[in-house]
Amino acid sequence: MTDAPTYSGPQRILSGMQPTGNLHLGNYLGALVNWVKLQERGAECFYCAVDMHAITMPHDPKALPGAVRSVAAAYMAAGVDPNRSSIFAQSAVPAHAQLSWILQCVARLGWMERMTQFKDKTGSDRERASVGIFTYPVLMAADILVYKATHVPVGDDQKQHLELARDIAARFMRDYDCEGFWPLPEPIIEGAGTRIMSLKDGNKKMSKSDPSDLARINLTDDADAIAKKVKKAKTDPEPLPDHVDGLEGRPEAGNLVGIYAALAGTTKADVIAEFGGQGFGAFKPKLAELAVSKLTPVVDEYNRLMADPAEIDRILTAGADRAREVAAPVLADAKRMVGFWG
């Protein structure tokens, strides 16, 4: 008896963000900084604006194309190079939706019912939620598998969806006797800034949807706004501890120290070694100064890019052309395997 063949294709990386609201410091430190690093590893990178996911919730159709440009500009302002990574709109590659239907017929209802984000997003009003909110994890699986992505940068809240993508791929390969057709994608979770919390509540993740703009630093904020938000960030009355273990039970203090560490490219322990024993009156100005120095070039480049929407559209078009080129044979093989005509 021989082992089933395993995937032996090229390494590819896929990730994306929804074009809803302004991207913020959490997106930058938790994702974009790492996306830029991944370009250096030699794998093919595909970074999309997931506008198909965006329409699962109420949205303004007239604003969506501009929001896609905004996300693409933020990717590039952070350092994603369109000459080395494909930047595109998810909806510009029809293979995402076509493969999603095939995979919906492979996924099982019980798998979907276990998805915690569906429960979190719909609460007690599930019957009024769109079907897309329930099935979008299968579309996310299609996003990944249509490029045969081997690695996916994810946050903690997306790990369950990546596990679903692995389960769907494995089930498809068993059902259609094509072991090795797809990789079982691995998560990439790295960096001190993986999880940045709200500036107003250290127990909540920084979010585009938070009603208070003071809860986040947007990638469109100018230097004055960045400094103001850092100085107004919630803290506790105690000075910073002398040891990193002293941050336990102090979510706001831990968050600000973590932000400093991520911006400086160091560790929380190093930050505590420098600022331990000092109050926030001394620490916050240093954090504000660091944040302004690191983020101002990103904001300036974002504004420069947004002033030329035709150039952004050119980059999105080229990225979609490359994405379609890679996705087409994968979709064609999947259609043949399930027995579609033609």
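Check the entry above for the structure.
Enquirer: Outline the overall build of the chain, listing residues and values.
Expert: Secondary structure summary: the chain contains 13 helices and five strands in total. Along the longest, intermediate and shortest principal axes, the C-alpha atoms of the chain span 70 × 50 × 45 Å. Looking at the chain as a whole, 48% of its 342 residues are labelled buried. Within the chain, contacts between residues at least 6 apart in sequence are counted, and of these 75% link residues at least 24 apart. Within the structure as shown, the chain displays about 16200 Å² of accessible surface, and the carbon and sulfur contribution to it stands at 51%. Of the side chains in the chain, 39 bear a positive and 43 a negative charge, and the two mean positions are spaced by 3 Å.

Enquirer: Account for the pairing of strand S1 (residues 12–17), naming residues and giving values.
Expert: With five of six residues buried, S1 lies mostly within the body of the structure. Pairing of S1 with strand S2 (residues 44–49), which is carried by six bridges, proceeds in the parallel orientation. Its bridge partner lying in S2, Arg 12 is registered against Glu 44. A crossover links S1 with its parallel partner S2, the connecting element being helix H1 (residues 25–38), and its sense is right-handed.

Enquirer: Explain helix H3 (residues 64–78) to me, and be specific about the residues and the numbers.
Expert: End to end, H3 covers 21 Å across 15 residues, agreeing with the expected 21 Å (1.5 Å per residue, within 8%). For H3, the complete set of buried residues consists of Leu 64, Val 68, Ser 70, Val 71, Ala 72, Ala 73, Ala 74, Tyr 75, Met 76, Ala 77 and Ala 78. Gly 79 lies just past H3 and shows a positive phi near 120°.

Enquirer: Describe the packing of helix H10 (residues 251–264) against helix H11 (residues 268–275), and please don't skip the residues or the numbers.
Expert: Where H10 meets H11, the closest approach of the two axes is 8 Å, and the angle between their N-to-C directions is 105°. Viewed along their axes, H10 and H11 adopt a mutual orientation that is roughly perpendicular. Of H11, the residues touching H10 (which contributes Gly 254, Val 257, Gly 258, Tyr 260 and Ala 261) are Lys 268, Val 271, Ile 272, Glu 274 and Phe 275. Broken down by class, the residue content of the contact of H10 with H11 amounts to six nonpolar, two polar and two charged.

Enquirer: Tell me about the packing of H3 against helix H13 (residues 309–338), and name the residues and values.
Expert: Helix-helix packing is described using two parameters, namely the angle between the two axes and the distance between the axes. At a minimum axis distance of 10 Å, the contact between H3 and H13 shows a crossing angle of 80°. With respect to each other, H3 and H13 are oriented roughly perpendicular. Touching Val 68, Arg 69, Ala 72, Ala 73 and Met 76 of H3 are Pro 309, Ile 312, Asp 313, Ile 315 and Leu 316, all from H13.

Enquirer: Before we move on, could you go through the nonpolar core and cite the residues and values that matter?
Expert: By size, the foremost hydrophobic cluster in this structure holds 63 residues, and its most contacted members are Leu 25, Tyr 28, Leu 32, Tyr 75 and Phe 283. The element contributing the most residues to this core is helix H12 (residues 280–306), with 10 residues. If near-sequence neighbours (up to four positions away) are discounted, Phe 283 is found in contact with Leu 240, Leu 256, Val 257, Tyr 260, Val 271 and Phe 275. Core analysis: the second largest hydrophobic core is formed by 46 residues, Met 115, Val 154, Ile 168 and Cys 178 among them.

Rules used in this analysis
Residues numbered from 1 in each chain as written. Predicted model: local features only at pLDDT ≥ 70, side-chain atom pairs only at ≥ 80, totals over all residues. Heavy atoms only, no water. Helix = DSSP H or I, 4+ residues; strand = E, 2+ residues; numbered from the N terminus. Buried < 20%, exposed > 50% of the residue type's maximum accessible area, 1.4 Å probe, protein only. Contact = heavy atoms within 4.5 Å. Areas by Shrake-Rupley, 256 points an atom, 1.4 Å probe, with all protein chains shown as cover. Lys, Arg positive; Asp, Glu negative; His and termini not counted. Charge placed at Lys NZ, Arg CZ, Asp CG, Glu CD. Pairing = 2+ DSSP bridges. Right-handed = clockwise from strand over helix to strand, strands pointing away. Expected span 1.5 Å × (residues − 1). Axes fitted to C-alpha atoms, helices over the stretch in contact; angles between N-to-C directions. Parallel < 35°, antiparallel > 145°, perpendicular 65-115°, else oblique. Nonpolar A, V, L, I, M, F, W, Y, C, P; charged D, E, K, R; others polar. Core = buried A, V, L, I, M, F, W, Y, C linked by side-chain atoms within 4.5 Å.

Such coordinate-based values are descriptive only and should not be taken to indicate function.
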